[in-house]
Amino acid sequence: MTGDHSSKQYDADLEGIRSKVLLMGGMVEQQFQEAMLAFSDGNVRLAEKVIADDDHVNALEVELDDACCHLIVRRQPTANDLRTVMATIKIITDLERIGDESSKIARTSMRMTERAGIKAGEHFKMVKDISDRAAAMLRGSLDALARLDQKQALALIADDTAIDIGFRTITRSLATYMMEDPRTISSSVDTMWVAKAIERVGDHAKNIAEFVVYVVGGKDIRHSDFATVDKSAST
């Protein structure tokens with residue numbers, strides 16, 4: 001009876017951590033969406049909310065890190081359970097960093113709006129495509145995590161390349177604008193910072209998808225090209 005009780009508590013501890021990780025994922029997904037809305041509309045109040053919400057994300061990261069460490073010490077998980085806990089610690093870090101990137105976007109939006117009342121609408125059009133792709137990647141990676149869907153996770157990993165290409169295209173366009181009209185330098189640099197933050201959100205979403213593959217299949221596919229990743233994870 002004692003062993004059965006211990007096993008049930010262990011499962012409850014794991015499920016509690018899993019539920020809070022998904023809660024944290026939902027928080028940073030909303031944070032990113034609101035940061036992009038603040039950037040597109042020049043909404044200072046919404047930008048301030050995004051920045052304030054980052055404190056809650058940071059607090060949840062600390063709480064979950066502590067819970068994972070205590071679980072390792074108390075329960076001494078092995079095999080797949082240990083892999084799951086270690087991957088969870090990494091995923092928590094990626095989620096927290098997505099929150100940081102959203103805060104950067106919000107701060108940039110505020111700076112552009114406060115500087116001569118510049119509205120970022122035109123600048124938002126430039127980053128909208130990679131923003132939509134990054135949001136879809138983040139949503140998909142969290143869904144793959146919730147369902148432990150390795151196939152979906154693998155499909156998402158390939159999507160990061162399109163965001164990287166889009167970011168490089170935006171960078172070249174902004175460089176051209178700045179050379180042609182020096183008056184656009186400040187706003188162009190700010191837009192470049194936003195584009196870089198979006199690109200990093202895509203990177204972190206990709207990381208989460210890779211950890212899903214690690215948890216489900218037991219294979220670490222980080223720093224691998226996609227052609228070998230797909231083949232390796234499916235064997």
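Quick caveat: nothing in here was measured; it's all calculated off a predicted structure.

Quick notes on the rules
Residues numbered from 1 in each chain as written. Predicted model: local features only at pLDDT ≥ 70, side-chain atom pairs only at ≥ 80, totals over all residues. Heavy atoms only, no water. Phe/Tyr/Trp six-rings, centres within 6.5 Å; stacked < 30°, edge-to-face > 60°. Lys NZ or Arg CZ within 6 Å of the ring centre and 35° of its normal. 1 Å grid on protein atoms, 1.4 Å probe; cavity = no way out; pocket = protein on both sides within 12 Å on 5 of 7 lines; lining within 4 Å. Points joined across faces, edges and corners; volume = space filled by probe spheres on them. Helix = DSSP H or I, 4+ residues; strand = E, 2+ residues; numbered from the N terminus. Nonpolar A, V, L, I, M, F, W, Y, C, P; charged D, E, K, R; others polar. Salt bridge = Lys/Arg side-chain N within 4 Å of Asp/Glu carboxyl O. Axes fitted to C-alpha atoms, helices over the stretch in contact; angles between N-to-C directions. Parallel < 35°, antiparallel > 145°, perpendicular 65-115°, else oblique. Left-handed = near helix turned anticlockwise from the far one by under 90°.

Trainee: Can you break down the packing of aromatic side chains residue by residue, with the values?
Mentor: Two aromatic rings, taken as a pair, are described by how far apart their centres are and by the angle between their planes. Here the structure, examined in full by the defined rule, presents 0 aromatic pairs. Directly above the aromatic system of Tyr214 lies the positively charged group of Arg83, at a separation of 5.9 Å from the ring centroid.

Trainee: Lay out the layout of surface pockets with the relevant residues and their values.
Mentor: Of the voids in this model, the largest pocket is the one considered here, and its volume is about 340 Å³. Of all the secondary-structure elements, those providing two or more residues to the lining of the largest pocket are helix H1 (2–41), helix H2 (44–75) and helix H3 (79–114). The element best represented in the lining of the largest pocket is H1, accounting for 7 residues. Looking at side-chain class alone, the lining of the largest pocket contains 11 nonpolar, 3 polar and 4 charged residues.

Trainee: Residue-level account of the pattern of salt bridges, with values.
Mentor: Pairing of side chains with opposite charge becomes possible as their charged atoms draw close. This structure, assessed with the given rule, holds 15 salt bridges. Each of the salt bridges in this network shares a partner with another, and the network as a whole consists of Asp13, Arg74 and Arg75.

Trainee: Before we move on, can you summarise the packing of H2 against H3 with the specific residues and values?
Mentor: Two elements in contact, H2 and H3, have axes separated by 9 Å at closest approach and are oriented at 165°. By the angle class used here, H2 and H3 are roughly antiparallel. Between H2 and H3 the crossing geometry is left-handed.

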